Amino acid sequence: MIFNSLEFAIFLPLVFLIYWLLLGRMRKAQNTFLVFASYVFYGWWDWRFLFLIFASSLVDYLVGLCLEKAPDEKTRLRKTLLGISLVANLGMLGVFKYYNFFVESLADAVTLFGQQLDVATLSWVLPVGISFYTFQTLSYSIDVYRRKMQPVHDPVAFFAYVSFFPQLVAGPIERASHLVPQFMKPRVFSEAHATDGLRQILWGLFKKMVIADNCAVLVNQIFDSPESYPGSILALGAVLFAFQIYGDFSGYSDIAIGTARLFGFDIMRNFAYPYFSRDIAEFWRRWHISLSSWFKDYLYIPLGGSRGNKWEVYRNVTIIFLVSGFWHGANWTFIVWGALHALFFFRLLMTKRHRTHTLPIAEDRRLPTVRELSQMLITFSMVCVAWVFFRADSLSGALDYLWRVVTTAHTGWPTFVSYISHEAFEPLIMIIVLLMIEWVQRQKQHGLDLRMVNWAPARYAIYYGMIFIIYQYGAEQQDFIYFQF
Amino acid sequence: MRRFLIKCGVFSIPLWVIFAPALIHLETYRELESIEVMASQNQHNDVLIGLAYTDPMHLVKQAVLKNRQPEVIALGTSRVLQFRDFVFSKPDSFYNCGRAIGKIQDLRAFLSAYPHKKPKAIILGLDQDLFNVDEEDLSKEPRSYQIKDSSYGTRLTKGTKAFWEAWSDGDVVTGTNLPGTTNFIGRNARLENEGYRADGSYIYGRLLRNAETADEYEFGGTIRRINKGKGRFATATEINPSAIQQIADFLENCRELDIHVVGFIPPYAGKVYDRLKQDSENYPHVFELYESLKPIFDAEDRLLMDFSDIRSLGSNDFETTDGFHGSEVSYLKLLRELSNRDKILASSVNVSALNHGIAHTFSARQIIEERPEAQPRSPQSSTSRIQSIE
């Protein structure tokens, strides 16, 4: 089931009413019902893969209990238990997501030496959300292993944490230490909380259906046949993809967070207006925050973080960006995407400016300075170049695309003008609307956070206006990009 | 909690007011069926598809092609919709892909999206107006033929938008079924007996039943459009050379795929043709098209025939649906002309069924299959016969 579908529009109110009206004061019954609803939500896509979530939950639940009983001095036993969790979760990922990549890359490598290697590939569908919920359960086992949290004894609460439907298939990747305690305590309905949740859902739908889905149509056309377009339109294609993926993924996160709030849960923020970043380091503090912080806590810091010598820091940064790229998909394009971001980051590391922009942009001003504006534009341009690798089907495709941008950017300006005034006109107007709203709201949690608007008619006018825009300008429904990861 | 639910309920009232009437209307007339359902019911249950608000037929036809795997297809705009399956040796081996194409650049997109098993032959209709250099923008993206069934929500959104647009134009009508229209998808099929048959051809229910009161009576509507010189009847300075090149590319593409192509330029009613002729220097894409296309068809050793004047088929103006759509009878004649000159096409045509259809068709405009043994028709009495269909 996907968020922008009619099925979900029926499912959500139904689950909400049962959860609060029938089970309002029964915490355990609420948790049991959430597990059931979450499994229905996931099984709607393909019920056969429910066993993977179940298996992942069961392994980590049992590992958690065993780790609690294993004393600290039995290091080997504790490591073995953690190993079981790592093997089970990363094994599932390896088989379903990376097996074909590895065997095909091996076959390609062997070909370089003049040999042929026949490899058997798997034609299985990648289970939706596998990268998200395996990372979520892994973080639990690691935290229990490190004694950073107590293991969960209530199996229902733990299964509800792993399968919680708002963030099951595309995050945010929640930490057990943050979400599990919320399942362990009674929930009280808060009208303000739920109303803001609905506002955030509406904002997420706008980003997904109006921005991402409209951009997707043009992006698919441009990236499918770059030879048909001049460089100026190809450059625009990269910009449109930047907004497509932002609208798509951050829209999903907004709907997820808003939905969770309807049920009385707070889940972590995943995006904080990343295209207003002044450098790549700031971009990564604002983009896919739950994954960045996951890698920071469970990979970067264990590797030594920024504590070692200069070369160790460079090595750690490289590893984290390459792994982050590889997490997105089993393709060299994602690895190069990660590598490019690492390169952009090195420039800041060398000058020790990677922590320069930790405060919000134009905090006490309405508009950015010219310097800030140019910093944002430069950062955005760098991000767009990297997005070309992320979107392209192959490395050669990405390089060809960028080569065409560089070599033919000066041609076809009448075509470009016609393109932006016809085909791309509506999406570009909507992108401008998005940026304007986000700029005004940049210090709020989301674009439709209207708690400061006290006059109810104004708030309602904004809601109806937003619904009208989604209805009128929403494009053909597209799958969420991050489902494939 | 109660307060929150009441607020949500009150908030949603205006939304229901907008959605509910449209939803009820669209569901009543089955306007929101999926492509898969339409394709399957159209083929297996002979359900007539006549949607009034949206037009996904190019995708429905792609879905049908996937299962039907015809040997011969008619390809073009609405001006090839009159070809019928029963005049082919194996009726199931023919499928009419009329309206699958809306512009020249759609041809190659259609072919590249065509399911794995390609047809043996394509009867290609080349509308004159597609070659108007001043009207047709070949830089526009072709249609997408990717059969991706849109969700119910997407269909509902599109349907309700189209519904309210039609409502503002006064085009929303309701009523009861026409007698015998139990198998239908879409309002036009249900109320007007108008829509796509299982062979992909189109039955023009409303237009034919209301022939004398319609806007198109005696081609008045078409003549007015010519006088205005807009849209399909816009004047041109020349034939679009890029469009000609795209046809050449299409023919080459078909040769590579071992698909035989028979081309024709579709007919205008005699009265309409004469009106265009008065202004012939402004319609090079009508009067010089055959000369421009002939060399590229010759180069591929393919047949091209020009039937711009319906009288060249031995038909008269009674054998039309409107000013620029020949009738099914005239297309039987057209097919006979093509198959007389093209052996590959002839091998798929059932000549006796074709001749029988031409001689024994009850109506000049639409073949009424229910009366296959009707008496031979005389063109002079066609108008009164049309009325008697009622």
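Residues numbered from 1 in each chain as written. Chains lettered and ligands numbered in written order. Predicted model: local features only at pLDDT ≥ 70, side-chain atom pairs only at ≥ 80, totals over all residues. Heavy atoms only, no water.

Q: Can you lay out the overall build of chain B for me, pointing to particular residues and giving the numbers?
A: Along its length, chain B carries 16 helices and eleven strands. The burial tally for chain B puts 54% of its 390 residues in the buried class. Across chain B, every contact between residues at least 6 apart in sequence was considered, and the portion connecting residues at least 24 apart equals 74%. As displayed, chain B has an accessible area near 17,000 Å², and 50% of this comes from carbon and sulfur atoms. (Helix = DSSP H or I, 4+ residues; strand = E, 2+ residues; numbered from the N terminus. Buried < 20%, exposed > 50% of the residue type's maximum accessible area, 1.4 Å probe, protein only. Contact = heavy atoms within 4.5 Å. Areas by Shrake-Rupley, 256 points an atom, 1.4 Å probe, with all protein chains shown as cover.)

Q: Describe the packing of aromatic side chains, and please don't skip the residues or the numbers.
A: Residue and element names in this part refer to chain A. The final tally for this structure, using the stated rule, is 91 aromatic pairs over all chains. With 5.6 Å between their ring centres and 85° between their planes, Phe165 and Phe263 make a pair best called edge-to-face. A residue pair is termed long-range when its members are at least 10 positions apart, and Phe165 in the loop between α6 (155-163) and α7 (176-184) and Phe263 in the loop between α9 (231-262) and α10 (280-286) qualify at 98 residues. Take Phe263: its relative accessible area is 0%, and that puts it in the buried class. Positioned above the aromatic ring of Trp327 is the side chain of Lys97, whose terminal nitrogen or guanidinium carbon lies 5.2 Å from the ring centre. Taking the ring centre of Trp439 as reference, the NZ or CZ of Arg442 above it sits at 4.0 Å. (Phe/Tyr/Trp six-rings, centres within 6.5 Å; stacked < 30°, edge-to-face > 60°. Lys NZ or Arg CZ within 6 Å of the ring centre and 35° of its normal.)

Q: Break down the pairing of strand β3 (residues 94-98) of chain B for me, citing the residues and quoting the values.
A: Residues and elements named next belong to chain B. By the criterion of burial, β3 is predominantly enclosed, with five of the five residues buried. Here β3 shows two buried faces, one formed by Phe94, Asn96 and Gly98 and the other by Tyr95 and Cys97. Bridge analysis of strand β2 (residues 72-76) against β3 gives five bridges, and the strand direction is parallel. Across the sheet, residue Gly76 finds its bridge partner in β3, namely Gly98. (Pairing = 2+ DSSP bridges.)

Q: Provide a residue-level description of the side chain of Arg187(B), including the pertinent values.
A: All names here are of chain B. With respect to the element layout, Arg187 can be found in helix α6 (residues 187-192). One buried charged residue, Arg187, remains without a salt bridge, the closest side chain of opposite sign being Glu31 at 5.6 Å. There is a polar contact of 3.4 Å between the side chain of Arg187 and the side chain of Asn188. (Lys, Arg positive; Asp, Glu negative; His and termini not counted. Salt bridge = Lys/Arg side-chain N within 4 Å of Asp/Glu carboxyl O. Polar contact = N/O pair within 3.5 Å; in protein donor to acceptor, adjacent residues only side chain to side chain.)

Q: Go over a nonpolar patch on the surface with me, naming the residues and quoting the values.
A: Residues Phe425(A), Ile429(A), Ile432(A) and Met436(A) make up a contiguous nonpolar surface patch of about 380 Å² in total accessible area. Its place among the elements puts Ile429(A) in helix α17 (residues 425-440). (Patch = residues over 30% accessible without salt bridge, like charges linked within 9 Å, V, L, I, M, F, W, Y side chains within 5 Å.)

Q: Before we move on, can you summarise the confidence of the model for chain B with the specific residues and values?
A: All names here are of chain B. Residues of chain B with pLDDT of at least 70 account for 87%, and the chain-wide mean is 84. Averaged over each element, pLDDT in chain B is lowest for helix α16 (residues 382-389) (36) and highest for strand β8 (residues 260-265) (96). For residues 369-390, every residue scores under 50 in pLDDT, and the model assigns this stretch 38 contacts once sequence neighbours within four places are set aside. Across the assembled chains, the prediction reports ipTM 0.81 with pTM 0.80. (pLDDT = per-residue confidence, 0-100.)

Q: Break down the environment of Leu124(B) for me, citing the residues and quoting the values.
A: Residues and elements named next belong to chain B. Position of Leu124 among the secondary structure elements: in strand β4 (residues 121-125). Separated by 75 residues in the primary sequence, Leu124 and Asp199 place their C-alpha atoms 16 Å from one another. Aside from chain neighbours lying at most four places away, what touches Leu124 is Leu75, Leu107, Phe250, Val261, Val262, Gly263 and Phe264.

Q: Just give me the short version of the nonpolar core, but keep the residues and values in it.
A: Soluble globular proteins tend to bury their nonpolar side chains together. Among the nonpolar cores identified, the biggest contains 157 residues, and Phe263(A), Tyr275(A) and Trp387(A) are the most heavily contacted of them. The element best represented in this core is α9(A), accounting for 17 residues. Those residues in contact with Tyr275(A) that lie beyond four places of it in its chain are Ala242(A), Phe243(A), Ile245(A), Tyr246(A), Phe283(A), Trp287(A), Met376(A), Phe380(A), Val383(A) and Trp387(A). The next biggest cluster of nonpolar side chains, apart from the first, holds 52 residues, and it includes Ile73(B), Ile185(B), Ile239(B) and Leu304(B). (Core = buried A, V, L, I, M, F, W, Y, C linked by side-chain atoms within 4.5 Å.)

Q: Explain the interface of chain A and chain B residue by residue, including any values.
A: Contact residues are listed per partner, giving 24 residues for chain A and 24 residues for chain B. Area buried by chain A at its contact with chain B is led by Glu191(A), Tyr464(A) and Tyr471(A), which between them contribute 31% of it. Counting across the chain A and chain B interface gives two salt bridges. For the salt bridge of Glu191(A) with Lys7(B), the shortest nitrogen-to-oxygen distance reads 2.9 Å. Across the chain A-chain B interface, the total number found is six residue pairs in polar contact (both at pLDDT 80 or more). Within the residue set of the side of chain A that touches chain B, elements represented by two or more residues are α1 (6-22), α8 (191-224) and α18 (456-473) of chain A. No other element matches the seven residues that α18(A) contributes to the side of chain A that touches chain B. In terms of residue class, the side of chain A that touches chain B is built from 16 nonpolar, six polar and two charged. (Buried area = accessible area lost by both parts, 1.4 Å probe. Nonpolar A, V, L, I, M, F, W, Y, C, P; charged D, E, K, R; others polar.)

Q: Tell me about the packing of helix α4 (residues 106-113) of chain B against helix α9 (residues 241-256) of chain B, and name the residues and values.
A: Residue and element names in this part refer to chain B. Between α4 and α9, the shortest axis-to-axis distance is 9 Å and the interhelical angle comes to 20°. As the angle between them shows, α4 and α9 are arranged roughly parallel. In this structure, the crossing between α4 and α9 has a hand that is left-handed. Note on element contacts: α9 touches α4 through Ile247, Asp249, Phe250, Asn253 and Cys254, opposite Leu107, Arg108 and Leu111. When the residues that make up the contact of α4 with α9 are grouped by side-chain class, the tally is five nonpolar, one polar and two charged. (Axes fitted to C-alpha atoms, helices over the stretch in contact; angles between N-to-C directions. Parallel < 35°, antiparallel > 145°, perpendicular 65-115°, else oblique. Left-handed = near helix turned anticlockwise from the far one by under 90°.)

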